[in-house]
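What follows is each chain in one-letter form.
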Amino acid sequence: MYYKSTRNSNIRVESAEAISRGISEDGGLFVPESIPEISLEELSSLSELSYAKRAAFVFSKYLTDFTEAELVYCTESAYSSKNFDTENIAEIAHLFDGTYMLELWHGPTCAFKDMALQILPYFLTTSVKKLKLDSKIVILVATSGDTGKAALEGFKDVEGTQIMVFYPEEGVSEMQKRQMVTQEGDNVTVCAVKGNFDDCQSGVKQIFTNSEVVQSLKDGGMSFSSANSINWGRLVPQIVYYVSSYSLLASQGELKMGEPLNVVVPTGNFGNILAAYYAKKMGVPIGKLICASNVNKVLTDFINTGIYDKNRDFYATISPSMDILISSNLERLLYLLTNENDEQIREWFGALASEGKYEVNDEVKSVLQKEFYGGYCADEETESTIKEIYEKYGYTCDTHTAVAVKVYQDYKNATGDTTKTLIASTASPYKFSASVLNAIQKDAVCDDEYEMVEKLSELSDIPVPVSLAELKTKERRFTGSIDKLDMKKFVLHELGLN
Ligand SMILES: *Cc1c(COP(=O)(O)O)cnc(C)c1O
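Residues numbered from 1 in each chain as written. Predicted model: local features only at pLDDT ≥ 70, side-chain atom pairs only at ≥ 80, totals over all residues. Heavy atoms only, no water.

Our next topic: the overall build of the chain. Within the chain one finds 22 helices and 16 strands. By its C-alpha atoms, the chain is 60 × 50 × 45 Å across when sized along the principal axes. Residue burial in the chain is summarised as follows: out of 498 residues, 62% are buried. Across the chain, the fraction of contacts at a sequence separation of at least 24, relative to all contacts at a separation of at least 6, is 74%. On the chain, roughly 18700 Å² of surface is accessible, and the fraction owed to carbon and sulfur atoms is 45%. (Helix = DSSP H or I, 4+ residues; strand = E, 2+ residues; numbered from the N terminus. Buried < 20%, exposed > 50% of the residue type's maximum accessible area, 1.4 Å probe, protein only. Contact = heavy atoms within 4.5 Å. Areas by Shrake-Rupley, 256 points an atom, 1.4 Å probe, with all protein chains shown as cover.)

The next point concerns the sheet that holds strand β1 (residues 3–5). Two orientations exist for strands paired in a sheet by backbone hydrogen bonds: parallel and antiparallel. Spatially, β2-β1-β3 is the arrangement adopted by the 3 strands of the open sheet, whose pairing is antiparallel. A strand with exactly one partner marks an edge of an open sheet, and here the two such strands are β2 (8–13) and β3 (30–32). Sheet twist, expressed as the mean angle between neighbouring strand axes with direction ignored, is 40 degrees. (Pairing = 2+ DSSP bridges. Axes fitted to C-alpha atoms, helices over the stretch in contact; angles between N-to-C directions.)

Let us now look at the environment of Ala-69. Of note, Ala-69 is situated in helix α4 (residues 68–78). Among the residues examined, Ala-69 registers a relative accessible area of 57% and is labelled exposed. Along the sequence, Ala-69 and Gln-238 sit 169 residues apart, while their C-alpha atoms lie 21 Å from each other.

A few words now on the nonpolar core. Across soluble globular proteins, nonpolar side chains show a tendency to be buried alongside one another. Within the largest apolar cluster, 110 residues are counted, with the highest numbers of intra-cluster contacts made by Tyr-62, Leu-63, Ile-239, Tyr-242, Leu-334 and Tyr-358. Top contributing element to this core by residue count: helix α11 (residues 232–251), with 12 residues. Not counting residues up to four positions away in its chain, the partners in contact with Ile-239 are Val-58, Tyr-62, Trp-232, Ala-275, Tyr-278, Ala-279 and Met-282. (Core = buried A, V, L, I, M, F, W, Y, C linked by side-chain atoms within 4.5 Å.)

Per the counting criterion, the structure on display carries 2 cavities of 30 Å³ or more. When its volume is computed, the largest cavity comes out at roughly 260 Å³. The wall of the largest cavity is formed by 24 residues, among which Phe-112, Lys-113, Gly-268, Asn-269 and Ser-321 lie closest to the centre. Contributions of two or more residues to the lining of the largest cavity are made by α7 (146–155), α11 and α12 (271–282). Among the residues making up the lining of the largest cavity, the classes are represented as 8 nonpolar, 13 polar and 3 charged. Volume-wise, the second largest cavity comes out at about 70 Å³. For the lining of the second largest cavity, the element with the most residues is helix α9 (residues 197–208), which contributes 4 residues. Of the residues contributing to the lining of the second largest cavity, the split by class is 4 nonpolar, 4 polar and 1 charged. (1 Å grid on protein atoms, 1.4 Å probe; cavity = no way out; pocket = protein on both sides within 12 Å on 5 of 7 lines; lining within 4 Å. Points joined across faces, edges and corners; volume = space filled by probe spheres on them. Nonpolar A, V, L, I, M, F, W, Y, C, P; charged D, E, K, R; others polar.)

This is the structure:
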């Protein structure tokens, strides 16, 4: 299996190279040149296996340059109960008849990013070894809160790597900030940026593609890679849990093998929902893909109108990991929907870079609307949904997941579609205690984060994750913040290159 760049179909590399580079030098994203198939028989037989083995099976179709032993090493190291608080790795909870919550937050940092970032360091170090590169890998991460911590946990003290994380100073929850600034490890740096997530992401992208910076790293025996979902090594692990969930639901008799299953995903950078689309194209019987946004509803508008326009106000919401106006992975989807028309992609994404806007043609728009439904909800509705789900079903969900539940309810009301549905639950409610409590029991909201955590544990039946409990007394190591224009200077300085 080879990988092409979305901006130049003539570029052709194996997965180890796609993963170690992170992004193509033309600014495009790496995509597999074809989508491998999975049969219903294979899907059936996966339910017997452990999550790690299901993952190895899916990866064997995409990472064909990895040996079986390498895949076993990567998957068994990442998906074990050492790192996750459940043997099943991804849990499926029943919300109500035919509606299931796919809990993707049982990893070390309590958000779905762990599903990919627990394995990415193994993919990356294995790739570097395979390619016989001897440079040190420098990982730059822009985060809206969850990726940063998950990447730090994945890469801390991994030999031959150094990781730097940038987060928007005012754009993350108190628990998210605490998780990052207390990070241990000798190869980690965390820095707040005076700006929003898009500023962090653009800053990182500019550093990555700045040829002078790239050259000075090379001279210093280093090279960049990415732990953001622009890296194929982040995306491919996310396909696994859709394959895995379908297989399990069918084996438990919740679905007849072959029966369609709709999927709802609270969306920001479009990585998670794109993984569901890949699973569908592989042959997993997925029906509608429901893309849920908060009031930063650039994707809802795009799906409904075919016009992507980031020229709009940016809102800080109670679902901060979805406060994004540039959804990078849409580029991969559009490459697929245009039948790999790299020229068209260059034109649209050139327009996005220069004017902040592009419009797709009618053909693409109609496939987009056939496969996807887009909806959004505001903070008040997110809160009322948390309360409703809590009171009706005794299920406590975080703010991002609540956006998905609300958009799903709207979808069901608008269409009458009663297809069985899987809702991606992307974070533990404890990461957003203040907002969740505010929804369930307002008078319990206070200034003390851990008092709120305690309260939430009384109200919900979810145990407080050990990794969050122990942050209470951890030292804050990284207290600095910088201007968004100073990110390049900061990186060079940290690497000892200026
Ligand atoms: C990152 C994140 C999202 C958005 O996922 P994308 O893959 O960027 O679309 C949603 N919810 C939570 C909790 C997240 O951390």
